Amino acid sequence: MLTGMRIAAYQSLYESSLAFAVRKAVTGEEQRNELLHQTKNLTNECEELRHALHDQTERAETIDSKEEEKWQQMKIKHHQEIKSLKDTYKAQTKHLQELLAPPPGFVK
């Protein structure tokens, strides 16, 4: 009788161990699937972020290019204005000197 009880206890322990192992295997498989799903989602998100970064970089380069072109145009316009003002200054200075100059034949 004691041997039968011992066998029944071992059999119960064996079945319990098998059930535990199966539960752990199922849990492990579920966790593995969850991690694979998260990995896939993070990979997709990373790719989307790379694409967005590329788009923003292109946009920034386009803006920089346009701003550089505007800057160059402003510099050209500025230099033209300065040249025009210098020419006007020279012409007015010459005209003023002609007005302030003694008339021909005037002797001091």
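Refer to the structure presented above.
Rules used throughout
- Throughout, a residue's number is its position along its own chain's written sequence, starting from 1.
- Given that the model is predicted, a residue must reach a pLDDT of at least 70 before its local features are reported, and side-chain atom pairs must reach 80 or more before they are shown or counted; all residues, however, enter totals for whole chains, interfaces and linings.
- Computation of side-chain values covers all heavy atoms of the structure but excludes hydrogens and water.
- Segments assigned H or I by DSSP are reported as helices when at least four residues long, segments assigned E as strands when at least two residues long, and all are numbered from the N terminus.
- Using C-alpha atoms as the atom set, the radius of gyration is obtained and then compared with a globule rule of 2.2 Å times the number of residues to the power 0.38.
- Between buried and exposed lies partly exposed: a residue is buried under 20% and exposed over 50% of the maximum accessible area for its type, with that area taken using a 1.4 Å probe on protein chains only.
- For every accessible area listed, the method is Shrake-Rupley and the probe measures 1.4 Å; residues are considered covered only by the protein chains on display.
- The rule for a salt bridge is simple: a side-chain nitrogen of Lys or Arg has to be within 4 Å of a carboxyl oxygen of Asp or Glu.

Draft legend 1. Molecular detail of the overall build of the chain. Along the backbone of the chain there are one helix and zero strands. For 108 residues, the compact-globule estimate of 2.2 N^0.38 gives 13 Å, and the C-alpha radius of gyration of the chain, at 46 Å, exceeds that figure by more than 25%. If one aligns the C-alpha atoms of the chain with their principal axes, the spans along those axes are about 155 × 25 × 10 Å. Per-residue burial over the chain gives 0% buried out of 108 residues. Carbon and sulfur atoms provide 61% of the accessible area of the chain, an area that totals close to 10,600 Å².

Draft legend 2. Representation of the pattern of salt bridges in the model. All chains considered together, the criterion is met by four salt bridges. The shortest N-O distance in the salt bridge between Glu47 and Arg50 comes to 3.7 Å. One end of the pair is Glu47 and the other is Arg50, both in helix α1 (residues 2-100) and three residues apart, which spans about a single turn. Residue Asp87 is joined to Lys83 by a salt bridge in which the shortest nitrogen-to-oxygen separation is 3.3 Å. Here Asp87 and its partner Lys83 are both found in helix α1, four residues apart, which amounts to about one turn of the helix. For Lys83, a relative accessible area of 52% puts it in the exposed group.

Draft legend 3. Just the environment of Leu100, in detail. Counting through the fold element by element, Leu100 comes out in helix α1. In this structure Leu100 comes out as exposed when scored by relative accessible area, which is 65%. Linking Leu100 and Tyr10, residues 90 residues apart in sequence, is a C-alpha distance of 129 Å.

The analysis is restricted to geometry; functional conclusions fall outside its scope.
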